[in-house]
Amino acid sequence: MTTSPFDSYRPPEEGGRRRRSGVRGAVTGAVSDASRGMAKGRTSWLSRDGGGRREAPAVPDAEFSSYYGRAIIKPVPWKHEIPAYLFVGGVAAGSGIIAAGAAVTGRELLRRNSRLTAMTGVAVSGALLVADLGRPERFLNMMRTVKLTSPMSVGTWILSGYAAFAGATTASEAARMVPLPERGPVGALARLVQAVDTPASVGQALFAAPLAAYTSVLLSDTVTPVWLESRRELPFVFVGSAALASAGVQLVLTPIDQTGPARRFALIGVVTELIAMHRLEEHLTELDLDEPVRTGAGGSKLRLARALTVAGGLGTLLAGRSRVAAVASGLALAGASALTRFGIVEAGIESATDPKYTVGPQKRRLEERRDRGQVHDSVVTVR
Amino acid sequence: MGYLARQLAGRTDPARDAGWEEPPSRKGFFTDTSICIGCKACEVACKEWNALPMDGDLDLTGNSYDNTGGLGASTWRHVAFVEQSQERISAARESGRRLVDLGMPTVGSPPASPEASSRGVPAGYGTLPAPPEDHGPSLGELLSQKESAENGDLGTTLEGTPMVGPLPEFRWLMASDVCKHCTHAGCLDVCPTGALFRSEQGTVVVQADVCNGCGYCVGACPFGVIERRTDSSVSVTGDGHVPNVGVAQKCTLCYDRLSHDQEPACAQTCPTTSIRFGARDDMVAAAQDRVAQLHEQGFTEARLYGANDDDGVGGTGSVFLLLDEPEVYGLPPDPVCATSKLPEMFRTAGVAGLGLLAAGAVAFLGGRR
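These figures come from a predicted structure and were not determined experimentally. (Residues numbered from 1 in each chain as written. Chains lettered and ligands numbered in written order. Predicted model: local features only at pLDDT ≥ 70, side-chain atom pairs only at ≥ 80, totals over all residues.)

Things to note about the overall build of chain A
Scanning chain A for helices and strands turns up twelve helices and one strand. Helices and strands appear in chain A in the N-to-C order α-α-α-α-α-α-α-α-α-α-α-α-β. Within the span of chain A, comprising 383 residues, buried residues form 54% of the whole. Long-range contacts, defined as pairs at least 24 residues apart, comprise 76% of the intrachain contacts of chain A with a sequence gap of at least 6. (Helix = DSSP H or I, 4+ residues; strand = E, 2+ residues; numbered from the N terminus. Buried ≥ 20, exposed ≤ 12 C-beta atoms within 10 Å, placed from the backbone. Contact = placed C-beta atoms within 7 Å.)

Written out as structure tokens, the structure reads:
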């Protein structure tokens, strides 16, 4: 659109990528929303054309309106406990699969270490989830109902089932480690625990898969733009992350002669996660929603996570020869997974606090539908 | 459509889907922002009746007369104030005309009131959108006095009636926002404890004594309505008690009052009938009548929000008449209930989970030494 003869002197606009960095305030000279502390300590994206501190640009890049730059949707009120749970729960889930594999292939140390890791992870997970509740003393209300429309309810039951099996396999390991009397009630209990070892191990592996994957649905089934729009890629990011993190933990804990399968598991996880994460960013770029995953605190965590994933993956290739290399790459992989979870959660919350990520994609898809002549499903009607 | 498919998307009767047998008619609001005067009586009545605490310190936002900010745990009605220049009014009118030209769906039967068309001429802007008949001075009378001044070309209404006055240089949009009580409510779908439930009137209500404050509903609401009450809330009662801290809170459509055949506090107190309460079908019909009337009077920018049962949330229980694009009022332009995509999400996650098991099998059995 040319509005002035001087426009011809401007450099050509970048093709393809649409960047929206600003909005049209509801009022001429939009006012910063100081009361809610929306942009405490940093310059709000809104105040760039107002607030009286600077001169407003002559031609505002008016893409859409907003109500004083206030967020339309609300971010989930989750603190660091939830991304920490995503990481620890992923480690627990992957460890369950490693434990089952180690049990089948007779790798004693790997089995013991991964089972204990799984149990620790599941216990920490539960504690983190309870701690993040607004009313922690009511955590048992989660068990009032089974609700398939709620990924959190489904996840609660998956975690509970996994915890039950992990408890059984941990008891079995404890029975092996501690010398127990053959006779009497303790001996009977030890024999019972040994008898359920195999079914519990299978059950743990079967519950591990949904435990690693459901957390992606937990995030995607919200209106948080970045999470909802990455619903096709996020499950693969999260299972890949679970695989490489749990394998990384075993690279640290277990001697290298038993961690061959864990290294392969880690490499599959690394490849899966890198590909899925790349596709996630591509998809968000198409929707012009990639800013939160590329910039800001979330973006830098995700960049660091990628570097650590690649480094850990390359280190894993050498980890069969040196315990030091194994420990280093294991730590890198676990750190990468934690950073990925924190980065995804922070990017999502960032996308919910800025109305441009809500209004922009919604208006574009609305326009696309209108261009196709599809108007029956609009929330706005006339007559 | 099957029972299960109906639960997540599309038009349906939410009370019956929730298992109510022989429910009463679905209730809802019709908020006509064209006659809102921004008195905030609805905010006050809501706070009073529901004994809601203060959100926090008393701050001035600098956003016109809106010092409430937005809907939240302790703010269940919120009056938005938007100040617009002539340019923005003109843009709003253009976008409204475009909606008509697009052939936006007509919800239900067309209102077609012959009585309305006879009262029509002349049309145009006074200083404010005209109130409905019987509730204020007739716009026709006001404008007929100016008829002599009519000489310029000020455009026409949708029907082609010439306008008699210019666009005002400034206008104030005021709109009372509230929980939408969606047909497909994201908050209700994702609640893991069953604290949120569908009432027999088709509304969505939180049981504060069941909610454990997981906060999932907050992220699932496409309108940013529901919120968890924080301990920064300030009591307004003598004993200093703030109820339900850490628990998700939102408009109940005065479930307690409805149970005693009373209308919600906000609707009862509204002095201009901008907030109307009743059976949702009646509210949608009233909204259609009103938007047709405004169009006929030349207010082409008038449009309905939430009256379409085919939209992303299956239609809202609270229907609005707006005078500009929804995002101007802080409403999403294309809200979608995330749970409508849930089957797809669980399928993808299932594939990923099976992949993880397969990866484990390959890792242990594939390269066995």
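Considering the overall build of chain B
Scanning chain B from N- to C-terminus turns up twelve helices and ten strands. The proportion of buried residues among the 369 residues of chain B is 53%. Sequence-distant contacts, at least 24 apart, represent 71% of the contacts inside chain B between residues at least 6 apart.

Focus on the packing of helix H5 (residues 197-220) of chain A against helix H7 (residues 234-253) of chain A
All names here are of chain A. Relative to each other, H5 and H7 sit at 140 degrees, their axes nearing to 8 Å. What the angle tells us is that H5 and H7 run oblique. H5 and H7 meet at a crossing whose hand is right-handed. Along the contact surface, H5 presents Ala212, Ala213, Thr215, Ser216, Leu219 and Ser220, while H7 presents Leu234, Pro235, Phe238, Val239 and Ala242. Partitioned by chemical class, the residues of the contact of H5 with H7 number eight nonpolar, three polar and no charged. (Axes fitted to C-alpha atoms, helices over the stretch in contact; angles between N-to-C directions. Parallel < 35°, antiparallel > 145°, perpendicular 65-115°, else oblique. Left-handed = near helix turned anticlockwise from the far one by under 90°. Nonpolar A, V, L, I, M, F, W, Y, C, P; charged D, E, K, R; others polar.)

Focus on the packing of H5(A) against helix H12 (residues 342-366) of chain B
The geometry of H5(A) relative to H12(B) is characterised by a closest axis approach of 8 Å and an angle of 145 degrees between their N-to-C directions. By crossing handedness, the relation of H5(A) to H12(B) is classed as right-handed. Of the residues in H12(B), those touching H5(A) at Ala205(A), Ala209(A), Pro210(A), Ala212(A), Ala213(A), Tyr214(A), Ser216(A), Val217(A) and Ser220(A) are Met345(B), Phe346(B), Ala349(B), Ala352(B), Gly353(B), Leu354(B), Leu356(B) and Leu357(B). Of the residues that constitute the contact of H5(A) with H12(B), the class distribution is 14 nonpolar, three polar and no charged.

Some points on the sheet that holds strand E10 (residues 318-322) of chain B
Strand order in this open sheet of five strands is E1(A)-E9(B)-E10(B)-E1(B)-E8(B), and the pairing throughout is mixed. Only two strands of the sheet have a single partner each, and these edge strands are strand E1 (380-381) of chain A together with strand E8 (275-279) of chain B. (Pairing = 2+ DSSP bridges.)

Some thoughts on unusual backbone geometry
A positive phi is found at Lys40(B), a non-glycine position, where the angle reads about 65 degrees. Its identity as a non-glycine residue notwithstanding, Asn244(B) has a phi of 60 degrees, on the positive side.

Focus: helix H11 (residues 280-296) of chain B
Helix length check: H11(B), at 17 residues, gives a terminal C-alpha distance of 24 Å against a target of 24 Å (1.5 Å per residue), a fit within 8%. Among all positions of H11(B), only Arg280(B), Met283(B), Val284(B), Ala287(B), Gln288(B), Arg290(B), Val291(B), Ala292(B), Gln293(B), Leu294(B) and His295(B) are buried. (Expected span 1.5 Å × (residues − 1).)

Points about the pairing of strand E2 (residues 77-85) of chain B
Residue and element names in this part refer to chain B. Across the nine residues that make up E2, a large majority, seven, are buried. As paired strands, E2 and strand E3 (residues 170-178) are joined by nine bridges and run antiparallel to one another. The residue of E3 that forms the bridge with alanine 80 is alanine 175.

Quick word on the interface of chain A and chain B
Contact with chain A, which involves 84 residues of that partner, is made by 88 residues of chain B. For the side of chain A that touches chain B, the secondary structure elements donating two or more residues are helix H1 (81-105), helix H3 (151-177), H5, H7, helix H8 (260-286), helix H12 (355-371) and E1 of chain A. Looking at the side of chain A that touches chain B element by element, the count peaks at nine residues for H5(A). As paired elements, E1(A) and strand E9 (residues 303-305) of chain B share two bridges and run antiparallel to each other. When the bridges of E9(B) are listed, Val380(A) appears paired with Tyr305(B).

A few points about the nonpolar core
Ranked by internal contacts, the top residues of the largest apolar core, which has 191 residues, are Cys187(B) and Cys217(B). In terms of residue count, H1(A) provides more of this core than any other element does, 15 residues in total. For Cys217(B), the residues in contact, after removing those within four places along its chain, are Cys187(B), Val190(B), Cys191(B), Leu196(B), Ile226(B) and Ala248(B). (Core = buried A, V, L, I, M, F, W, Y, C linked by C-beta atoms within 7 Å.)

Here's the deal with H1(A)
Residues and elements named next belong to chain A. Here H1 contains 25 residues, and its C-alpha end-to-end distance of 35 Å stays within 8% of the 36 Å for a straight helix at 1.5 Å per residue. Of all 25 residues making up H1, 22 are buried, and the element is well covered by its neighbours. One or two residues past the end of H1 sits glycine 106, with phi positive at roughly 70 degrees.

Details of the confidence of the model for chain B
In low-pLDDT regions, the fine details of the predicted coordinates are not to be read closely. Mean pLDDT for chain B: 87, with 84% of residues reaching 70 or above. Across the predicted assembly, pTM comes out at 0.86 and ipTM at 0.87. (pLDDT = per-residue confidence, 0-100.)

Description of the environment of Glu227(B)
Note that Glu227(B) resides in strand E6 (residues 227-228). What makes Glu227(B) buried here is the crowd of 22 C-beta atoms within 10 Å. Between the alpha carbons of Glu227(B) and Ser74(B) there is a distance of 8.4 Å; along the sequence they are 153 residues apart. Discounting residues that sit within four places of it in the chain, Glu227(B) has contacts with Lys74(A), Gly72(B), Ala73(B), Val218(B), Ala248(B) and Gln249(B).

With respect to the confidence of the model for chain A
Mean pLDDT over chain A stands at 87; residues scoring 70 or higher make up 83%. Highest mean pLDDT in chain A belongs to H7(A) (98); lowest belongs to helix H4 (residues 184-195) of chain A (88).

Focus on the environment of Gln249(B)
With respect to the helices and strands, the residue Gln249(B) is situated in strand E7 (residues 248-249). In contact with Gln249(B), other than residues within four places in its own chain, are Ala73(B), Ser74(B), Val206(B), Glu227(B), Arg229(B) and Asn244(B).

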